[in-house]
Amino acid sequence: MSDSHAAPDADALAKRFAQMFHALGTNIERVIRGKRDKVELALICLFSEGHLLVEDVPGVGKTTLARSISASVEARWSRIQFTPDLLPSDITGVSIFNQGGNAFEFHPGPIFANIVVGDEINRGSPKTQSALLEVMEERRVTVDGRAHPVPRPFMVIATQNPVDMDGTYPLPEAQLDRFLMRISMGYPDHASEVAVLAGAPTGAMLDKMPPVSGREDVARMIQFAASVHVAGPIYDYVVRVVAATRGHGDLRLGASPRASLALLRAARVRAAAAGRSYVVPEDVKVLAAPVIAHRLIISPEAELRGLGADDVVAEVLSNVPVPQAAAV
C-alpha cells in the first residue's frame, strides 16, 4: 500500500523513527527476554503519550519493563507501591510552610517523573486511585489551587495482579479509560527463561544498560508520530470498529470516543515504527484488542458463557469491513 500524500522527507523521518524504535526494543530485550511484542506495545504507549496497564501475576517483569524503558531513553523513573493506607498526597506531593520564607512551598511527590510505576494499583483506596486521574489526562497536578506540570515525556505503567483480589479496589471505568493499553506479560518461553537464568542478575543488567536515546529524541519521535498521515477511510474504519462495541449484545458498556482517539494515536506510532509515514488498516487491527478490550464491560450472561472482552473485539474486527488499499 502506498500513499500519495506522504512527502519524501516524511518517508525519511519514518525510516529514522523505525531505526530508533528497533534499537530501543533490542536494548530492552537484553533484560526482558522473549517478549518483543509486549516491549513494542509498551514503546507504542510511550510514543503515543499514553499510559499502560499491565495485568499479570508477580514476577514476570512488569517493573523491570518500566525500568528498562527509562534506562533506554535516559528518563527519570519512580515507583509507587499502592497500599490501602497510601494517601493522595503521598503520590502528588504536599505544600509545607517554610518559616524562613514565610510561605508555603510545594514538595513534589513521586508522580513527578518521566516514567512512573504504580505497583498493584488496585490495592490503593478509590480516593488514592483518583489522585492519578488528573495527571494521567492533563499531565499536571493541582495542589492547593496551583497547577504543577509533570515532566515530559510522561508515562504511567500501572500493574495489578488478577489472581489475588482479596482486599483490592477494582479500578472504575473512568480510570481504566485513562490507560491507552492493557497488556499481560505472560510467562517466558523455555529458551528465554533459561537465558535469564544463565545471564547476569537483572538488577546488575539494568544498572549497566546503555541509553539508546535522550529525552529530546523521544520528544521528536512523539512529534513525528503525531504527524503520520491518516487517510479518510482509516478514520472511518476506526470509528466503525469502536462504535460496533456500543450496541453489542454481549456488552453492558462499549468503548467511548476516547478509545477512538487512543486507537488512532497508537496506530500512527505503529505505522512509524514500521518505517511508514501513513497508517494502514493492519495497524488498527493489531492494536484494537490492547487498546479497546479493557474499556468494555461484559454482560453477566456472556461471562457465564466464558466470553471475554478480547473475544468481542475479535468478533467486531471480523464483522467491520476493512478499507481497500485503493481507497486508502
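Structural data are supplied above this passage.
Anyway, here's the lowdown on the structure attached to this text. (Residues numbered from 1 in each chain as written. Predicted model: local features only at pLDDT ≥ 70, side-chain atom pairs only at ≥ 80, totals over all residues. Heavy atoms only, no water.)

### Focus: the nonpolar core
- Grouped together as the largest cluster of nonpolar side chains are 72 residues, with contacts concentrated most on F17, F47, L52, L65, M181 and I292.
- Looking at which element gives the most residues to this core, the answer is helix 12 (residues 257-273), with ten residues. (Core = buried A, V, L, I, M, F, W, Y, C linked by side-chain atoms within 4.5 Å. Buried < 20%, exposed > 50% of the residue type's maximum accessible area, 1.4 Å probe, protein only. Helix = DSSP H or I, 4+ residues; strand = E, 2+ residues; numbered from the N terminus.)

### Some points on the pairing of strand 7 (residues 146-149)
- Two elements, strand 6 (residues 140-143) and strand 7, share four bridges in a ladder whose sense is antiparallel. Directly across from V141, in strand 7, lies its bridge partner H148.
- Between the antiparallel neighbours strand 6 and strand 7 lie two residues, among them D144 with a positive phi of about 55°. (Pairing = 2+ DSSP bridges.)

### Some thoughts on the packing of helix 12 against helix 13 (residues 281-292)
- Contact geometry of helix 12 with helix 13 gives a least axis separation of 9 Å together with a crossing angle of 130°. Judged by the inter-axis angle, helix 12 sits oblique to helix 13. The two elements helix 12 and helix 13 meet at a crossing, and its hand is right-handed. Two secondary-structure elements touch here, helix 12 through A259, A262, L263, A266, A267, R270 and A271 and helix 13 through E282, D283, V284, V286, L287, A288, V291 and I292.
- Among the residues making up the contact of helix 12 with helix 13, the classes are represented as twelve nonpolar, no polar and three charged. (Axes fitted to C-alpha atoms, helices over the stretch in contact; angles between N-to-C directions. Parallel < 35°, antiparallel > 145°, perpendicular 65-115°, else oblique. Left-handed = near helix turned anticlockwise from the far one by under 90°. Contact = heavy atoms within 4.5 Å. Nonpolar A, V, L, I, M, F, W, Y, C, P; charged D, E, K, R; others polar.)

### Topic: the sheet that holds strand 5 (residues 115-119)
- One open sheet holds the five strands; their spatial order is 2-5-8-1-9, and the pairing between them is parallel. Two strands in the sheet have a free side with no partner beyond their single neighbour: strand 2 (77-81) and strand 9 (181-183). In this sheet, neighbouring strand axes are inclined to one another by 20° on average, regardless of whether the strands run parallel or antiparallel.
- Both strand 1 (residues 52-55) and strand 9 contribute to a ladder of three bridges, which runs parallel. Residue pairing in the sheet places V54 in a bridge with I183 of strand 9.

### A few points about the packing of aromatic side chains
- In total, this model carries six aromatic pairs according to the counting rule given.
- Here the aromatic rings of F17 and F47 are separated by 5.5 Å at their centres, their planes lie at 65°, and the arrangement is edge-to-face. Highlighted residues: F17 in helix 1 (residues 8-28) and F47 in helix 2 (residues 36-47), separated in sequence by 30 residues.
- With a centroid separation of 5.7 Å and an interplanar angle of 65°, the aromatic rings of F106 and F112 are classed as edge-to-face.
- On the accessibility criterion, F106 (22% relative accessible area) is partly exposed.
- Over the ring of Y278 we find R276; its NZ or CZ atom is 6.0 Å from the centre of that ring. (Phe/Tyr/Trp six-rings, centres within 6.5 Å; stacked < 30°, edge-to-face > 60°. Lys NZ or Arg CZ within 6 Å of the ring centre and 35° of its normal.)

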